[in-house]
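# Analysis of the macromolecular model
If you want the building blocks of each chain, they are given just below.
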Amino acid sequence: MKLAHLTLKNYRNYAAVDTDFSPHINILIGENAQGKTNLLEAVYVLALARSHRTNNDKELIRFGSDFARITGRVTRETGSNQLELVISTQGKKARYNKLEQSKLSTYVGHFNVVLFAPEDLAIVKGSPANRRRFIDMEFGQMSVKYLQTLSEYRFALKQRNAYLKQLKYHQAKDMVLLDVLSDQLAAAGAEIVARRAALLKQMAEFAAKIHTDITKGREQLTFQYQSQVPQAAREDVEQAYAAMGELLQKHAQRELEQGTTLVGPHRDDVAFIVNGKNVANFGSQGQQRTTALAVKLAEIDLMKAQTGEYPVLLLDDVLSELDDDRQTHLLKAIQNKVQTFLTTTSLDGIAQEIIDTPTVFRVADGQLTKQA
Ligand SMILES: Nc1ncnc2c1ncn2[C@@H]1O[C@H](COP(=O)(O)OP(=O)(O)OP(=O)(O)O)[C@@H](O)[C@H]1O
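The residue numbering used here restarts from 1 in each chain and proceeds along that chain's sequence as written. Local features in this predicted model are restricted to residues whose pLDDT is 70 or higher, and side-chain atom pairs enter the listing and the counts only when it is 80 or higher, whereas totals over whole chains, interfaces and linings include all residues.

The next thing to look at is the UniProt feature "binding site: ATP" (unreviewed entry) in the chain. The UniProt feature table records "binding site: ATP" (unreviewed entry) at Gly-30, Glu-31, Asn-32, Ala-33, Gln-34, Gly-35, Lys-36 and Thr-37. What counts as a helix is a DSSP run of H or I of at least four residues, what counts as a strand is a run of E of at least two, and both are numbered from the N terminus. Inspection of the secondary structure assignment puts Gly-30 in the loop between β3 (25-29) and α1 (36-48). By the criterion used throughout, residues are in contact when their C-beta atoms, derived from the backbone, lie within 7 Å. Dropping the residues within four chain positions of it, Gly-30 is found in contact with Lys-36, Thr-345, Arg-362, Val-363 and Ala-364. UniProt positions are given in the numbering used here, feature names are shortened, and annotations may be inferred rather than shown by experiment.

Our next topic: the sheet that holds strand β15 (residues 367-370). Strand pairing is defined by DSSP finding a minimum of two bridges between the two strands. Spatially, six strands are ordered β8-β12-β13-β3-β14-β15 in an open sheet, and the strand pairing comes out mixed. Strands with a single pairing partner mark the edges of an open sheet, and in this sheet they are β8 (113-116) and β15. Sheet twist, expressed as the average angle between the axes of neighbouring strands with direction ignored, equals 20°. Here four bridges tie β8 to strand β12 (residues 312-316), and the two strands are oriented parallel to one another. Counterpart to Phe-116 in the pairing with β12 is Leu-315. Only the contacting stretch of a helix is used when fitting its axis, a line to C-alpha atoms as for every element, and angles between N-to-C directions run 0 to 180 degrees. The sheet contacts of helix α9 (residues 285-307) involve β8 and β12, and relative to β8 the element is tilted by about 175°.

Let us now look at the domain arrangement of the chain. Note that the domain bounds were set by an automatic or database domain assignment. Each assigned domain of the chain is listed here: domain 1 (1-112 + 309-372) and domain 2 (121-307). Using only C-alpha atoms to locate each centre, domain 1 and domain 2 end up separated by 28 Å. By residue number, the principal contributor to the side of domain 1 that touches domain 2 is helix α10 (residues 324-334), which donates three residues. Just so you know the grouping, Ala, Val, Leu, Ile, Met, Phe, Trp, Tyr, Cys and Pro go in nonpolar, Asp, Glu, Lys and Arg go in charged, and all remaining residues, Gly too, go in polar. When its residues are assigned to classes, the side of domain 1 that touches domain 2 shows seven nonpolar, five polar and two charged.

Another aspect to go through is the confidence of the model for the chain. Close inspection of predicted coordinates is inappropriate in any region flagged by low pLDDT. When pLDDT is averaged along the chain, the result is 94; 99% of the residues meet or exceed 70. Two numbers describe this predicted complex: its pTM, 0.89, and its ipTM, 0.97. Confidence per residue, as judged by the predictor, is encoded in pLDDT with a range of 0 to 100.

Axis separation between helix α3 (residues 128-142) and helix α4 (residues 144-168) bottoms out at 5 Å; the angle between their running directions is 130°. The orientation of α3 with respect to α4, classified from their angle, is oblique. Across from Asp-136, Phe-139 and Gly-140 in α3, the residues of α4 making contact are Tyr-146, Leu-147 and Leu-150. Residues of the contact of α3 with α4, tallied by class, amount to four nonpolar, one polar and one charged. Just so you know how the angles are binned, under 35 degrees is roughly parallel, over 145 roughly antiparallel, 65 to 115 roughly perpendicular, and the rest oblique.

Attention now moves to the site of the ligand. The local shell around the ligand holds 18 residues, among which Asn-13, Asn-32, Lys-36, Thr-37 and Asn-38 are the closest. Looking at which element gives the most residues to the shell around the ligand, the answer is α1, with three residues. Residues belonging to the shell around the ligand are distributed by class as follows: four nonpolar, nine polar and five charged. To decide whether a residue is near a molecule or strand, its C-beta atom is placed from the backbone and checked for lying within 6 Å of it.

Turning next to the nonpolar core. Joining buried Ala, Val, Leu, Ile, Met, Phe, Trp, Tyr and Cys residues through C-beta atoms within 7 Å gives a set, and that set is a nonpolar core. Partly exposed residues are those falling between the two cut-offs: more than 12 but fewer than 20 other C-beta atoms within 10 Å of their own, whereas 20 or more means buried and 12 or fewer means exposed, with C-beta atoms placed from the backbone. Core analysis: the biggest nonpolar cluster contains 105 residues, and Val-43 and Leu-314 have the highest contact counts within it. With 17 residues, helix α5 (residues 175-214) is the largest single contributor of residues to this core. Looking at this core, you find at least three residues from each of domain 1 (1-112 + 309-372) and domain 2 (121-307). Setting aside anything within four residues of it in sequence, one finds Leu-314 in contact with Leu-40, Val-43, Tyr-44, Val-113, Leu-115 and Phe-341.

The length a helix should cover is 1.5 Å for every residue beyond the first. Compared with an ideal rise of 1.5 Å per residue, which puts 13 residues at 18 Å, α1 spans 19 Å between its outermost C-alpha atoms and is within 8% of the ideal. Across the 13 residues of α1, 13 count as buried, placing the element largely inside the fold. In the stretch just after α1, Ala-49 is the one whose phi turns positive, near 60°.

Another aspect to go through is the sheet that holds strand β9 (residues 221-226). The three strands are arranged β9-β10-β11 in an open sheet whose pairing can be described as antiparallel. The open sheet is flanked by β9 and β11 (277-278), the only strands paired with a single partner. With two bridges joining them, strand β10 (residues 269-274) and β11 adopt antiparallel strand pairing. By the bridge assignment, Ile-273 is partnered in β11 with Asn-278.

So, in C-alpha cells, the structure goes:
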C-alpha cells in the first residue's frame, strides 16, 4: 500500500500542499519547527481520522482558518482509492472515494500506517493505558469489527459505571438492569479479549524474531498478555464470555461499594519480557529502545499478515537515535517493500544505504519542496 499523492489545505502550518511521493523512501528534511512532524501527522490523520499528538482536532486547523482538509490517493494491489478528511469547528467528515462515511469505523482501515516516533518508548516504559491505546489503534486499523466491538464495549462500560454509581448512592435499586448491562459488557469484553489474545500472539512471534535479529541472538523477547480472563479461556469467545460472567459475579459486592466496573479488558495490559525480565522495570534504555523498535517492526509484519498488504511506515525523528546496527536492521525490514516517510534535521548519521536512493523534500516554514 502506498500514498501516491497528498493534498493539504489549512493543515497546521501548511496553507496548501499538493505533491506526489516516491513509493520507496521519502525524506523530509528541515530545521526545527518547520512542519516535518505536521506532515507525518497529516498522513497519520488521513489513515486513522485522529492525531497521535492531540485529542483536540481543532488544533489541526491552521491558525485563523475555519477548516482543514487532507486528501490522499492511496494505491493498493487492487487499485487506487481516494481518502479525504475535512476537519472543521463543527466536527469531521470522512470520505472514501468521494462518498461520505457516516461512521468513522467504515473509513478507518482503507489506508494503514505504522508510525514510529520518540514518544513510542511509552509503549514499553509508560502506563498500561499507553499500551492499551497502542493495541487498540493498531488492531482497530486491521479490523472494522474490532473497532465496532470496542465502541460497543466503551458504551456498555460507561452506562454500567453510571448505573453502579446510582446503586451506590441508592438512587436506583433495579438489579435486573445491572444484569442486562453486565451481560452487554461481558459479551463485548469477551470478543475484545479473544481478538487481543490472538493478535498479540501473532505479533509476539514476529517481534521475537526481529528482536533476536537485532540483538544478534543475545536477547529473547516474549509478550505476556495480562488480562483478568484466565489464559485458557482467552482465545475462545464463548469461554471468555463465561469467564467474564464469573469475574463479574465474584467482584459484584466490591463494584457496588465502589460504584465502578472493576472487571474487563479496560484493565488489560501487555508486558514485554526480555530474557525473562519485564523490560519496563529492568531493561536498560537501549533494551527498551530495541524492544520498541521490534514491536513497531512486528506491526508491519502483522498488518501484512492480516490485510494482505504492507502498511506505510512513518518515522518521526527516530533514525538518528538508532545506532548503525539498528538502522541497518530497519533498512532490511523495509527494503523495497514498505513505503517510508522519515523526518530529520540533518542527513548526518543516517546510514548510507538510506541516503543513496531516496526522494528528498525540504520543509521550511510550512512549505514542502521536492529536491531535484
Ligand atoms: N494549527 C496550527 N496552525 C499553524 N501553525 C501551527 C499549528 N499547529 C502547529 N503549528 C506550527 O507548526 C510548527 C511545528 O511544526 P512541526 O511540529 O511539524 O515541527 P518539526 O519540523 O517537526 O520540528 P522538530 O524538528 O522540532 O520536531 C510550529 O511552528 C507551530 O507553531
